[in-house]
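Each chain is listed here by its residues.
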Amino acid sequence: LLALRSSAMVPADADELVERFQEVTSMQNSDFARTFLQQHSFQLDSAIAAYMAGELEPPPPSRGAATPAEAGQVAEGQGQPRSWPVRMLGRALRLLFGPSRPVSFGPSAAQAFVDRFEREYGQVHPSFVVDGYKQAVQLATAQSKFLLVYLHSPLHQDTPRFCRQTLATAQCKAFIDEHFVIWGGSLEYSEPFVVSESIQSSGFPFMAVLLCGHSDGAHCLERIEGVMGGPALVERLNQSMQRHRGNLTQIQQQQQRRQDSQQLRQEQNLEFERALQADREREAKEQAERLRLEHAEDEARSKAELEAALELSEKLVRLHANNSTAPPTQRPPTHTSDLILPRGSVSNHCCGSPQDKEASLKRKRDRLGAEPPAGTDTTKLRIMLPNGSKIDRKFLASGTIEAVRDFIDVHLGDNGIPIETYSLSTNYPKRTFENDSITLTDAGLHPQSVLYVQDLDA
């Protein structure tokens with residue numbers, strides 16, 4: 001029953017997981033690798049992390065399996081985790097890194113690696129990208145360079161010699177900085193460990209040359225494993241560059257085509273925006289010209305109407321002058337009470353005595369006040385008297401017809417013009433103002449107009 005249950009928990013890709021586990025851990029015994037994976041439910045990352053942290057246990061005995069002595073002989077012959085050096089390595093890993101791998105990605109892990117490298121091996125080293133692996137790939141793509149990945153195994157016996165005698169040399173620094181974008185990370189952190197799994201590193205010290213810019217991500221062109229001196233590493237990297245220069249050139253051409261296409265689209269969009277802006281400006285100018293012409297036509301029409309009104313007024317004045325020379329056909333009334341005022345007319349009689357008349361004019365003059373200054377709320381009126389004289393005066397647009405009559409009465413009284421009863425009207429359109437309480441705006445006289453004084457006693 002336990003055997004059936006165990007077989008049911010084995011995934012379909014168990015053999016592939018075992019092979020990956022052996023590649024990463026360099027474990028030779030496939031049975032031990034399978035058992036170790038099974039103890040971790042075939043979770044590859046968990047099993048590798050446990051192995052690297054030294055959490056090593058021998059496979060549980062089963063029927064038909066070798067005796068403990070035989071198992072010890074196999075483990076000893078294969079160099080498997082039952083040997084004391086491996087147990088010591090596990091304890092060292094636990095002391096240094098704790099029971100599990102620190103989860104760190106991006107700039108923090110990269111900066112921690114560079115800081116530790118400089119503390120142990122000095123300030124001379126290639127210019128590692130202090131950012132995540134993805135950002136390093138993007139940087140290499142943008143600069144059209146190969147990406148060089150260095151995976152740092154801090155506990156490997158060859159790591160100090162490789163770092164001190166190879167990476168921390170001026171020759172390697174100058175060559176790598178000129179031809180590569182380099183990213184490094186320590187396997188004690190999660191992101192470098194994931195990258196190690198992705199590019200399938202198996203031995204240390206480990207470096208890999210990657211070609212970036214493909215739509216499906218970076219491609220590993222060459223893996224460099226083991227210790228070598230600075231000149232040998234430079235020669236190896238130079239050979240790799242020569243072999244794969246065509247691939248890099250192809251990526252550069254693709255990027256150039258994409259950039260050219262993007263620039264073309266930007267230029268087309270800019271040209272379209274310019275044409276659209278030119279159309280807007282042209283339409284605005286045409287609209288302004290139409291408004292100017294309409295305004296000019298309105299002014300010309302108003303001027304023509306005003307001239308026609310003035311001409312008609314002069315004709316009426318001449319006609320009135322001619323009529324005044326003819327003998328009267330009937331006697332005018334001798335008393336104010338005998339006057340019958342037509343609709344829309346006002347009598348300038350106040351009373352019979354000059355004192356009462358002067359008092360009435362004074363009240364109207366005080367009520368009228370000073371002439372207001374020109375402005376948007378001011379109405380300009382030209383008042384045409386029956387004798388042909390013209391009076392220009394400004395009134396408040398909110399003022400009433402009564403204010404205009406007060407002004408006319410004062411003017412007639414001050415100038416001794418003998419008009420007693422009169423009406424106010426316009427010619428175009430023909431209107432007679434009967435209601436003295438309406439404002440000049442409501443009467444349609446704002447902002448300017450011509451009023452005619454009709455002497456009803458003539």
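Computed from a predicted structure; not experimentally measured. (Residues numbered from 1 in each chain as written. Predicted model: local features only at pLDDT ≥ 70, side-chain atom pairs only at ≥ 80, totals over all residues. Heavy atoms only, no water.)

A look at the overall build of the protein chain
What counts here: Runs of H or I in DSSP of at least four residues are treated as helices and runs of E of at least two as strands, each being numbered from the N terminus. A simple rule labels every residue: compare its accessible area, found with a 1.4 Å probe on the protein chains alone, to the largest value its type can have, and call it buried under 20%, exposed over 50%, or partly exposed in between. Only the protein chains shown count as cover for residues, with accessible areas throughout obtained via the Shrake-Rupley method and a probe of 1.4 Å.
For the protein chain, the helix and strand inventory stands at 15 helices and 10 strands. A total of 458 residues make up the protein chain; the buried ones form 36% of that total. A total of about 27100 Å² of accessible surface is found on the protein chain, and carbon and sulfur atoms cover 52% of it.

So, empty space enclosed by the protein
Note the following rule: Whether a set of points on the 1 Å grid over the protein atoms alone is a cavity depends on a 1.4 Å probe fitting there but being unable to get out, while an open set qualifies as a pocket with protein on both sides within 12 Å along at least five of seven lines; lining residues are those with an atom within 4 Å of a point. Grid points are joined across faces, edges and corners, and a volume is the space filled by probe spheres set on the points. Polar here means any residue other than Ala, Val, Leu, Ile, Met, Phe, Trp, Tyr, Cys and Pro, which are nonpolar, and Asp, Glu, Lys and Arg, which are charged; Gly is therefore polar.
Inspection of every chain in the model, using the stated rule, returns 2 cavities of 30 Å³ or more. Volume-wise, the largest cavity comes out at about 40 Å³. Taken together, G106, A109, A110, D131, W183, G184, G185, S186, E191 and P192 make up the full set of residues lining the largest cavity. Contributions of two or more residues to the lining of the largest cavity are made by α7 (107-121), β2 (180-186) and α11 (190-199). For the lining of the largest cavity, the element with the most residues is β2, which contributes 4 residues. Partitioned by chemical class, the residues of the lining of the largest cavity number 4 nonpolar, 4 polar and 2 charged.

A short note on a negative patch on the surface
So the rule is basically this: A patch consists of residues whose relative accessible area exceeds 30% and which take part in no salt bridge; residues with like charges are grouped when within 9 Å of each other, and nonpolar side chains (Val, Leu, Ile, Met, Phe, Trp, Tyr) when within 5 Å. Salt bridge, as used here: a side-chain nitrogen of Lys or Arg that lies within 4 Å of a carboxyl oxygen of Asp or Glu. A positive count includes Lys and Arg, and a negative count includes Asp and Glu. His and the chain ends are not counted in either. Charge positions come from single atoms, namely NZ of Lys, CZ of Arg, CG of Asp or CD of Glu.
On the surface, D13, E16, E19 and E23 cluster together to form a negatively charged patch. Within the secondary structure layout, D13 lies in the loop between α1 (2-8) and α2 (14-25).

Brief notes about the sheet that holds strand β1 (residues 146-152)
Filter applied, for reference: Between any two strands, at least two bridges found by DSSP are needed for them to pair. Between N-to-C directions, angles cover 0 to 180 degrees, with each direction set by a line fitted to C-alpha atoms, over the stretch in contact for helices. Note on definitions: a residue-residue contact is assigned when non-hydrogen atoms from the two residues lie within 4.5 Å.
Overall, mixed pairing links the 4 strands, which are arranged β2-β1-β3-β4 in an open sheet. Edge positions in the open sheet fall to β2 and β4 (217-225), since each of these has one partner strand only. Neighbour to neighbour, the strand axes of the sheet diverge by 25 degrees on average, direction disregarded. Across 5 bridges, the pairing between β1 and strand β3 (residues 206-214) is antiparallel. For L147, the partnering residue across the bridge sits in β3 and is L210. On top of the sheet, helix α8 (residues 133-143) reaches β1, β2, β3 and β4; it is set at about 170 degrees to β2, its chief contact.

So, the packing of helix α10 (residues 170-179) against helix α12 (residues 230-243)
Each packed pair of helices is defined by two parameters, the angle between the axes and the distance between the axes. Our working rule: To sort the angles, those under 35 degrees are grouped as roughly parallel, those over 145 as roughly antiparallel, those from 65 to 115 as roughly perpendicular, and the leftovers as oblique. Crossings are sorted by hand: turned counterclockwise from the far helix by less than a right angle, the near helix makes the crossing left-handed, and turned clockwise it makes it right-handed.
One way to put it is that α10 packs onto α12 with a least axis distance of 9 Å and a crossing angle of 15 degrees. In terms of orientation, α10 lies roughly parallel with respect to α12. Pair α10 / α12 crosses with left-handed handedness. Between α10, through Q171, C172, F175, I176 and H179, and α12, the contact on the second element is made entirely by G230, P231, L233, V234, L237, N238 and M241.

Comments concerning the packing of aromatic side chains
Just so we agree on the cut-off: Ring pairs are drawn from Phe, Tyr and Trp, using the six-membered ring of Trp, whenever the two centres fall within 6.5 Å, and their geometry is named by plane angle: stacked under 30 degrees, edge-to-face over 60, tilted for the rest. Remark: a charge is flagged as sitting over a ring if the NZ atom of Lys or the CZ atom of Arg is within 6 Å of the ring centre and within 35 degrees of the ring normal.
Inspection of the entire model under this criterion finds 10 aromatic pairs. On the basis of an interplanar angle of 45 degrees and a centroid distance of 6.2 Å, the ring pair of F113 and Y150 is categorised as tilted. Taken together, the residues span a long stretch of sequence, with F113 in helix α7 and Y150 in strand β1 at a distance of 37 residues. The pair F113 / Y150 is uniform in exposure class, with both members buried. Seen from their ring centres, F146 and F180 are 6.2 Å apart, and the 40 degrees between their planes marks the pair as tilted. Taken together, the positions of F146 in strand β1 and F180 in strand β2 put the pair 34 residues apart, joining distant regions of the chain. With respect to burial, F146 and F180 carry one shared label: buried. Three or more aromatic residues link up through ring pairs in this structure, and these residues are F113, F117, Y121, F128, Y150 and F162. The positively charged end of R393 is found above the aromatic ring belonging to F395, 4.8 Å away from the centroid.

Looking at the pairing of strand β6 (residues 378-384)
Burial analysis of β6 places 5 of its 7 residues in the buried class, which makes it a mostly covered element. Bridge analysis of β6 against strand β7 (residues 390-396) gives 7 bridges, and the strand direction is antiparallel. Within the sheet, the bridge partner assigned to K380 lies in β7 and is K394. A loop of 5 residues connects β6 with β7, the two strands running antiparallel in sequence, and G388 in this loop sits at a positive phi of about 95 degrees. As judged from the 5 bridges shared by β6 and strand β10 (residues 448-455), these two strands associate in the parallel manner. Residue pairing in the sheet places K380 in a bridge with Q448 of β10.

Remarks on unusual backbone geometry
The linkage connecting F204 with the following residue, P205, adopts the cis geometry, with an omega of -5 degrees. Here the bond from H446 into P447 is cis, since omega is 10 degrees, no more than 30 degrees from zero. Relative to the helices and strands, P447 resides in the loop between β9 (431-432) and β10. At F42, a residue that is not glycine, the phi angle is positive and equals roughly 60 degrees. In this structure, F42 sits in the loop between α3 (30-39) and α4 (44-52). Residue S144 is not a glycine yet carries a positive backbone phi of 55 degrees. Here S144 shows up in the loop between α8 and β1. The exposure class assigned to S144 is partly exposed, which follows from its relative accessible area of 24%.

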